[in-house]
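# Examination of the molecular architecture
Single-letter residue listing:
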Amino acid sequence: MDPRDPRARIAVSDAPQTRLGQLVLAGEVVDDEPVMPAGLRVMPAYVLSVILAGQGRYRDADGRDEPITAGAHTLVGPGDPHWYGTAPGERWTELFVVFSGPLFDTLAETGALATTGPRYPRPAPSMAALRTVLRATPRSHRAAEHQLLALADWLLDTADPVGATGPSAAIAAAVDRLADDLTARVDMRTVAAETGLSYDTFRRRFTAEVGQPPLAFRNSRRLQAAATLLRLTDMTLREIARTLGFTDEFHLSRRFRAHFGMPPSAYRRP
């Protein structure tokens, strides 16, 4: 979308330039028609677009011309002519991020980032986690670098490992469920029932296909979200614990130390 579009909700604008790069712009278009140029455009930075609802089309200079629907992750590299948007008068909901720098150049050069247009990663990465990363413009260079590292970590989670086939449809749906709303209470037996599997079968297959048991997977995501909030916000440990569903700040502190090898206060300290 056009960052000058007044209908866009801007979360971050012109974060500090750092050694790793810069988060230039981030925000959302919510149930609206994006404002785009008529022809192919070239950006000096990486552009990530995630379509959350609605549909449109993607085109580029290599002749790729295809529809994009909800779930599409479009990552375009600097200098790559491209266009995406809706048909005139149609609406969509889109989360967008514009970023640059040597951190992402290195990931792209090694093939860790697929800057080749729309993809539909499975399991779908957590939008709640991405919104947490992008929730505010950092106030220092150190915080800006941590924000860029968190964004790179999220992007790597969406990449397809070489030779990987990914989890089955049932387990991918469970991963989506466990990774998205990190604030809600989730009963693992209910998640198992939603996949159509018995609890024991669900737990065994999840562990085999994802690499860790379902509860450990969810707790790891919650602790990573806590780490991001510690670095990028002024929220107290009590507020973070309440937000992410921990019993209290002492419970969060014990789990955090066991996971990261240091207490939250040391992790937050510049």
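Look a little higher up for the structure.
Residues numbered from 1 in each chain as written. Predicted model: local features only at pLDDT ≥ 70, side-chain atom pairs only at ≥ 80, totals over all residues. Heavy atoms only, no water.

## Quick word on the overall build of the protein chain
When its secondary structure is counted, the protein chain shows 10 helices and 8 strands. Here the C-alpha radius of gyration of the protein chain, 19 Å, is about what a compact globule of 270 residues would show, namely 18 Å. Out of the 270 residues belonging to the protein chain, those deemed buried represent 44%. Considering only contacts within the protein chain whose residues lie at least 6 apart along the sequence, 72% involve residues at least 24 apart. Accessible surface, the protein chain as shown: approximately 13,300 Å² in total, 52% of it carbon and sulfur. Once the 32 positive and 31 negative side-chain charges of the protein chain are each reduced to a mean point, those two points are 9 Å apart. (Helix = DSSP H or I, 4+ residues; strand = E, 2+ residues; numbered from the N terminus. Rg over C-alpha atoms; globule rule 2.2 N^0.38 Å. Buried < 20%, exposed > 50% of the residue type's maximum accessible area, 1.4 Å probe, protein only. Contact = heavy atoms within 4.5 Å. Areas by Shrake-Rupley, 256 points an atom, 1.4 Å probe, with all protein chains shown as cover. Lys, Arg positive; Asp, Glu negative; His and termini not counted. Charge placed at Lys NZ, Arg CZ, Asp CG, Glu CD.)

## Points about the packing of aromatic side chains
Tallying each qualifying case throughout the model produces 9 aromatic pairs. Consider the rings of Phe206 and Phe217, whose centres lie 5.7 Å apart with planes at 65 degrees: the pair is edge-to-face. With Phe206 in helix H6 (residues 199-210) and Phe217 in helix H7 (residues 214-232), this residue pair connects regions lying 11 residues apart in the sequence. For the pair Phe206 and Phe217, a shared accessibility class is recorded, and that class is buried. Aromatic ring contacts, followed pair by pair, group Tyr46, Phe99 and Phe104 into a single cluster. We note Arg59 situated over the ring of Trp83; from NZ or CZ to the ring centre the distance is 4.4 Å. (Phe/Tyr/Trp six-rings, centres within 6.5 Å; stacked < 30°, edge-to-face > 60°. Lys NZ or Arg CZ within 6 Å of the ring centre and 35° of its normal.)

## Remarks on the packing of helix H4 (residues 169-179) against H7
Direction vectors running N to C along H4 and H7 enclose 40 degrees, while the axes themselves pass 9 Å from each other. Our classification of the angle between H4 and H7 gives oblique. Remark: the crossing between H4 and H7 carries right-handed chirality. Contact residues: Val175, Arg177, Leu178 and Ala179 in H4; Pro214, Phe217, Arg218 and Arg221 in H7. Along the lines of polarity and charge, the residues of the contact of H4 with H7 split into 5 nonpolar, no polar and 3 charged. (Axes fitted to C-alpha atoms, helices over the stretch in contact; angles between N-to-C directions. Parallel < 35°, antiparallel > 145°, perpendicular 65-115°, else oblique. Left-handed = near helix turned anticlockwise from the far one by under 90°. Nonpolar A, V, L, I, M, F, W, Y, C, P; charged D, E, K, R; others polar.)

## Comments concerning empty space enclosed by the protein
Per the stated rule, a full pass over the model turns up 1 cavity of 30 Å³ or more. There is about 100 Å³ of room inside the largest cavity. Broken down by secondary-structure element, the contributors of at least two residues to the lining of the largest cavity are strand E5 (73-76), strand E8 (117-119) and helix H3 (141-158). For the lining of the largest cavity, the leading source of residues is H3, giving 3 residues. (1 Å grid on protein atoms, 1.4 Å probe; cavity = no way out; pocket = protein on both sides within 12 Å on 5 of 7 lines; lining within 4 Å. Points joined across faces, edges and corners; volume = space filled by probe spheres on them.)

## Some details on the side chain of Ser100
Along the chain, Ser100 turns up in strand E7 (residues 92-100). Sequence-distant contacts of Ser100, defined by excluding residues within four places in its chain, comprise Leu20, Gly21, Gln22, Val24, Ala45 and Tyr46.

## A closer look at helix H9 (residues 249-260)
Helix length check: H9 (12 residues) gives 16 Å between terminal C-alpha atoms against 16 Å at 1.5 Å per residue, within 8%. Of all the residues in H9, the buried ones are Glu249, His251, Leu252 and Phe256. Looking straight down H9, one finds its buried side chains confined to an arc of 150 degrees; they lie on one side. Residues of H9 that are exposed and angled more than 90 degrees away from the buried face: Phe250, Arg254 and Ala258. For H9, the secondary structure elements touched by its buried residues are H7, helix H8 (237-243) and helix H10 (264-268). Of the residues flanking the start of H9, the one acting as N-cap is Asp248, its side-chain oxygen 3.1 Å from the backbone nitrogen of Phe250. Gly261 sits one or two positions beyond H9 and adopts a positive phi of about 80 degrees. (Expected span 1.5 Å × (residues − 1). Arc of directions from axis to C-beta. Polar contact = N/O pair within 3.5 Å; in protein donor to acceptor, adjacent residues only side chain to side chain.)

## Comments concerning the layout of surface pockets
Approximately 280 Å³ is the volume attributed to the second largest pocket. Contributing to the lining of the second largest pocket are 15 residues, with Ala143, Arg231, Leu232, Thr233 and Asp234 lying nearest its centre. Here the residues of the lining of the second largest pocket are counted per class, giving 6 nonpolar, 4 polar and 5 charged.

## Describing the pattern of salt bridges
Following the criterion strictly, the structure yields 8 salt bridges and no others. The partner of Arg57 in a salt bridge is Asp65, and the shortest N-O contact between them spans 2.6 Å. A relative accessible area of 34% means that Arg57 is categorised as partly exposed. Here Arg205 ties to Glu209 by a salt bridge, and the two come within 3.5 Å at their closest N and O atoms. Note that Arg205 and Glu209 are positioned in helix H6 at a spacing of 4 residues, about one turn of the helix. Assessed through its relative accessible area of 29%, Arg205 is described here as partly exposed. (Salt bridge = Lys/Arg side-chain N within 4 Å of Asp/Glu carboxyl O.)

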